[in-house]
Amino acid sequence: RGVTDGTQREGRMVVKTFMDMDQDSEDEKQQYLPLALHLASEFFLRNPNKDVRLLVACCLADIFRIYAPEAPYTSHDKLKDIFLFITRQLKGLEDTKSPQFNRYFYLLENLAWVKSYNICFELEDCNEIFIQLFRTLFSVINNSHNQKVQMHMLDLMSSIIMEGDGVTQELLDSILINLIPAHKNNSIFVSLCLYSSVSDLSEHVFDLIQELFAIDPQLLLSVMPQLEFKLKSNDGEERLAVVRLLAKLFGSKDSDLATQNQNIQTDFRICLCSFNFPNKLSFVVHLQQKHLSILFMVTVVDFFIVTEYLKVRSHDPEEAIRHDVIVTIITAGKRDLSLVNDQLLGFVRERTLDKRWRVRKEAMMGLAQLYKKYCLHAEAGKDAAEKVSWIKDKLLHIYYQNSIDDKLLVEKIFAQYLVPHNLETEERMKCLYYLYASLDPNAVKALNEMWKCQNMLRSHVRELLDLHKQPTSEANSSAMFGKLMTIAKNLPDPGKAQDFVKKFNQVLGDDEKLRSQLELLISPTCSCKQADVCVREIARKLANPKQPTNPFLEMVKFLLERIAPVHIDSEAISALVKLMNKSIEGTADDEEEGVSPDTAIRAGLELLKVLSFTHPTSFHSAETYESLLQCLRMEDDKVAEAAIQIFRNTGHKIETDLPQIRSTLIPILHQKAKRGTPHQAKQAVHCIHAIFSNKEVQLAQIFEPLSRSLNADVPEQLITPLVSLGHISMLAPDQFASPMKSVVANFIVKDLLMNDRSTGEKNGKLWSPDEEVSPEVLAKVQAIKLLVRWLLGMKNNQSKSANSTLRLLSAMLVSEGDLTEQKRISKSDMSRLRLAAGSAIMKLAQEPCYHEIITPEQFQLCALVINDECYQVRQIFAQKLHKALVKLLLPLEYMAIFALCAKDPVKERRAHARQCLLKNISIRREYIKQNPMANEKLLSLLPEYVVPYMIHLLAHDPDFTKPQDVDQLRDLKECLWFMLEVLMTKNENNSHAFMKKMAENIKLTRDAQSPDEPKANEKLYTVCDVALCVINSKSALCNADSPKDPVLPTKFFTQPEKDFCNDRNYITEETRVLLLTGKPKPTGVLGAVNKPLSATGRRPYIRSTGSETGSNISVNSELSSPAGNRSREQSSDISETGVSENDENPVRIISVTPAKTEPVKNKVDFIFFKMNTIVIANLA
């Protein structure tokens, strides 16, 4: 080491000596010549110490400067060794932070200034030195080098190229290889290009041409004729490669290559439009940036051809082709939106629903980027923003897709592109405010659902953290496992996510600080800035530096991104309220943002209402509540309703913390409950009940004056009081159930429901929009709802009020809505009342104490509403039925009602019913898997147990009158298969055999509804045989042993008798073959919207009088549907031919003659039934 240190000291002295010496010092040159020769010895050129080598190299560079133009070294071999040695030292230029960098720079500067390497031209193997030098310089240059370093390198290499006799192919390759994308390393400029087939880089020639064109287009002047020649090549692959290259060159920024080379442009277009390419990728993959402008210029024909070609390719079977079409269109659109028309954007829109995730993701992200560029940033003006304004709606619609990947991507797009979370609060909320105001209704629902799902996931994580605080136990572990499985289902690839979530749960158990960070993240008081810090802190703790790709961390990030409140906090709510205040005052930028002030105010309140569910704590401020009070005083009913609901959701601390707000709010709520709209009255009553401690006093002050002022002669003033009274009796039954009983008996039933004071309009319509419904009918609908709310509040049937109410509702259905039989009510009003009665029975069935007393006959009447003659009644009833079933609020037997949807003549209604069935069955099966305790309630949860209810319901279908009628049996088969097809999609736990066993067991029982009536039992057994026929024909697995013996509901079937054996076949073999192979019976009514329900026994109680034939003409935009004429009565024949008033889907109604009716039963039954309704007046 001592020797080395001495050598370095001496070296520095020598360097200083040579550095100070100039070329004119002849005496010094002679004096130091021996030293110069000594420095070129092997001892120095191969010295192991790099600092010594650097000092020697600096000395040698100065020696070449001092002794120029003649070097003191005469041996060619020695010169080669010296320059290779100096070249190796130049590698030290790479590290600009090295303490020795200044010496390396001095070395480079000296070599470039003197052009020392030009001496090597005299050597035979100089090319080896030059190649090594070029490779070294290209390898060390980087962005940290300043301009002086780059220029010295360029001077050094340029002098070699310019002063040499020529450039060898090897040297050229060492330059050009740095232009190939795979070898790029911030190369310095190159100003030479040769097109040689002997080059090792010949296969990359087109990449080199593109890069050289980017350096200087003039470099390619000599190459263009060769490209033009190759466009006419017989080699398809070569011709395709040239087309790809020219598309890139023509489309480069500020490129005028196409206009300056008309011949090659013409050949390019001819070649392109011919589409004679050997593979279908053709030019699509490489139409990047502005390339579409070249394809579309000159004529419209080009544009049409390109559009048609991309249309075909966007549906290509190959995923890569579809993906590249999207990239092409989006890239062109980002460069210049005028290059892509609506049709091209439509191709991308279609691909957002592609079956492949990669394609869907590219399409969604591409559209999001266009929206952010042209709508959010408005980079191309209002016209461009208008052109892509539909993107926001389309992207949010994708949230309806079942795939969790789609949902997560929509959430990511919303947070990064639609409403970027990194904006300042005021800007972010302005963006959200006007986005929400401009969304279509379906997009609004999707956005609300997104916030709801995120809030639900936050709740799951909060409950998981609560479980961590509890002592360890088996029950705790089981609950924790169920919660982890639920969380995993909300992440990508739930199978893998389960393992990662379990691992994350273990980390939470071991790391208390991590738990506290997560608790802060999901805390209601967490701000957006705090959320960002928490997410980064948790990710930092879970990161593993040794593992660059960490799937576990990625999965945790997905979870954190979903639960982190990155948009909404107290500051954000305050900003939203201020924006809404500006809209109210007329000082906002509403018109500039493309929305009217009224729309902005209403949408702003709706937005705040949604956020009040998910972030209630963020609303608690006097400023926010003052603004909401201002909204309550506005004339817009929707605005006031939303404001009341926000108070209801968020005002739990108003009474204690904000007494001034409380004193102002109470009289407003009283006024809305008494004289507001029905929706305002409902929300006002619920708001009082939710936020005030003396709610009993407050509600009594509303109940007493309203109950005393009820007047059936003024029905338009009845609706709001009935709504308020109904909700008050439901929320405070202990206080108001008894007073309400006299109101129900003396006014609701006797005075309102049992009297028709006005005469309805006889226009023949089966449905009218809300504004055309008579006030009396609206009051009757609210009266029916009041009865239901009153009973739901009591939750008992000690006074038998529920029995009387159910008889009243059944009578309403039997009389088709005209309870008084006075024929003063219109067809459309009757439809409203039938819907209200059916919905009321269904609502009561959700309460166990009332479900027990609903008779099979009443259940069947309720079920037949789904086959109502009015399309809107069927539609709304099915929606209510699905909504209750999907929440597991209704008993399983009500799912059997969907089997009747097979009779619906409207294809869309049948498709909707099938989707409802799929959803319900999926939810029930998933619930059983996730809840071990559910195994004890399989009779009410297992979807397969719907089969007995369905069989019994179809056996009592009024359309099924003749057990041997093939047409009626075919209808039965369609109804059975409508349900069984969904149930038999999977054979879980041998369910096919289980359903077959149920049908066989039913044949060993009797109909509990009519156990001693032979015909009723025969119909029941016939339906069983049809069901068995369907199951046997559709599944080969049904003959296996049933996993368990099914339990039949005793409410519908008697217990099997020991000596009873039923081995009779109730359908003949010929009928069986017809059912399985015969075509559906031809009938004109299936082409009509409302299928005539005029078969014998349409309802258990039948009137002998006929009724008019009316048309179901929908004029309600929300419930519009095809419409047609039909008759409800058995004695009526449809002999009319016409077309419905639906412009979109006109339906021809063909004359149909229904089957002959059987003699009507004695009217005593019906009269007795009607008498029951009168008895309700004596409820007190």
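Look up: the structure comes first, before these words.
Residues numbered from 1 in each chain as written. Predicted model: local features only at pLDDT ≥ 70, side-chain atom pairs only at ≥ 80, totals over all residues. Heavy atoms only, no water.

How would you sum up helix α8 (residues 126-140)? Please name residues and give values.
Look at α8: 22 Å from first C-alpha to last across 15 residues, which is about the 21 Å you get at 1.5 Å a residue. Taken as a whole, α8 has its buried residues at Cys126, Ile129, Phe130, Ile131, Leu133, Phe134, Thr136, Leu137, Phe138 and Val140. Check the buried side of α8 and you find it contacts α6 (76-89), α9 (147-163) and α10 (169-176). (Helix = DSSP H or I, 4+ residues; strand = E, 2+ residues; numbered from the N terminus. Expected span 1.5 Å × (residues − 1). Buried < 20%, exposed > 50% of the residue type's maximum accessible area, 1.4 Å probe, protein only. Contact = heavy atoms within 4.5 Å.)

Any details on the packing of helix α27 (residues 494-510) against helix α30 (residues 551-563)? Residues and values, ideally.
Packing of α27 against α30 brings their axes to within 10 Å, and their N-to-C directions diverge by 85°. By the angle between their directions, the pair α27 and α30 is classed as roughly perpendicular. In contact with Ala497, Phe500, Lys503 and Phe504 of α27, α30 contributes Pro551, Phe552, Met555, Val556 and Leu559. Here the residues of the contact of α27 with α30 sort into eight nonpolar, no polar and one charged. (Axes fitted to C-alpha atoms, helices over the stretch in contact; angles between N-to-C directions. Parallel < 35°, antiparallel > 145°, perpendicular 65-115°, else oblique. Nonpolar A, V, L, I, M, F, W, Y, C, P; charged D, E, K, R; others polar.)

Tell me about a positive patch on the surface, residues and numbers included.
There is a patch of like positive charges on the surface, built from Lys452, Lys682, Lys785, Lys843, Lys880, Lys883 and Lys887. Locating Lys452 in the fold gives a position in helix α25 (residues 441-469). (Patch = residues over 30% accessible without salt bridge, like charges linked within 9 Å, V, L, I, M, F, W, Y side chains within 5 Å. Areas by Shrake-Rupley, 256 points an atom, 1.4 Å probe, with all protein chains shown as cover. Salt bridge = Lys/Arg side-chain N within 4 Å of Asp/Glu carboxyl O. Lys, Arg positive; Asp, Glu negative; His and termini not counted. Charge placed at Lys NZ, Arg CZ, Asp CG, Glu CD.)

Could you give an account of the pattern of salt bridges, with specific residues and numbers?
Under the definition given, this model contains 40 salt bridges. Residues Lys115 and Glu163 are paired through a salt bridge, measuring 3.4 Å at the closest nitrogen-oxygen approach. With a gap of 48 residues between them, Lys115 in the loop between α7 (101-114) and α8 and Glu163 in helix α9 connect regions that are remote in the sequence. The exposure class assigned to Lys115 is partly exposed, which follows from its relative accessible area of 38%.

Please give an account of the packing of helix α37 (residues 678-691) against helix α39 (residues 719-731) that cites residues and values.
Their axes nearest at 8 Å, the elements α37 and α39 cross at an angle of 30°. Regarding the angle of α37 to α39, the classification is roughly parallel. The handedness of the crossing between α37 and α39 comes out as right-handed. Two secondary-structure elements touch here, α37 through Pro678, Ala681, Lys682, Val685, His686 and His689 and α39 through Ile719, Thr720, Val723, Ser724, His727, Ile728, Met730 and Leu731. (Left-handed = near helix turned anticlockwise from the far one by under 90°.)

Give a description of the environment of Glu592 that names residues and reports values.
Among the secondary structure elements, Glu592 is positioned in the loop between α31 (570-585) and α32 (597-614). You can call Glu592 exposed: its relative accessible area is 60%.

If you had to explain the side chain of Asp393 to someone new, which residues and values would you point to?
Tracing the backbone through its elements, the reader meets Asp393 in helix α22 (residues 391-397). The class of Asp393 is buried, set by a relative accessible area of 11%. Residues within four places of Asp393 in sequence aside, it is in contact with Ser438, Leu439, Asp440 and Ala443.

Describe helix α42 (residues 801-814), naming the residues involved and giving the relevant values.
Its 14 residues give α42 an end-to-end C-alpha distance of 20 Å, which sits within 8% of 20 Å, the value for a rise of 1.5 Å per residue. With 12 of 14 residues buried, α42 lies mostly within the body of the structure. Inspection of α42 places Ser801, Ala802, Ser804, Thr805, Leu806, Leu808, Leu809, Ser810, Ala811, Met812, Leu813 and Val814 among the buried residues, and these make up the whole buried set. Positive phi appears at Glu816, one or two residues downstream of α42, with a value of about 60°.

Quick one: what's the story with the packing of aromatic side chains, residue by residue and with numbers?
On inspection of all chains with the given rule, the structure shows 17 aromatic pairs. An angle of 80° between the planes, with centres 5.0 Å apart, marks the rings of Tyr433 and Tyr434 as edge-to-face. Judged by relative accessible area, Tyr433 falls into the buried class, the value being 1%. Of the residues examined, Tyr434 reaches a relative accessible area of 6% and is grouped as buried. Here the aromatic rings of Phe500 and Phe552 are separated by 6.2 Å at their centres, their planes lie at 45°, and the arrangement is tilted. Taken together, the positions of Phe500 in helix α27 and Phe552 in helix α30 put the pair 52 residues apart, joining distant regions of the chain. The class for Phe500 is partly exposed, based on a relative accessible area of 21%. Judged by its relative accessible area of 5%, Phe552 falls in the buried class. Linked through ring pairs, Phe64, Tyr73, Phe83 and Tyr117 together constitute an aromatic cluster. Taking NZ or CZ as reference, Lys407 lies 4.8 Å from the ring centre of Tyr399, over its face. (Phe/Tyr/Trp six-rings, centres within 6.5 Å; stacked < 30°, edge-to-face > 60°. Lys NZ or Arg CZ within 6 Å of the ring centre and 35° of its normal.)

Which residues make up the environment of Met842, and what are the values?
The residue Met842 is located in helix α43 (residues 827-844) in this model. By relative accessible area, which is 3% here, Met842 ends up buried. For the pair Met842 and Ala884, spaced 42 residues apart in the sequence, the C-alpha separation amounts to 8.8 Å. When near neighbours in sequence (up to four residues on either side) are disregarded, Met842 contacts Cys862, Phe877, Lys880, Leu881 and Leu890.

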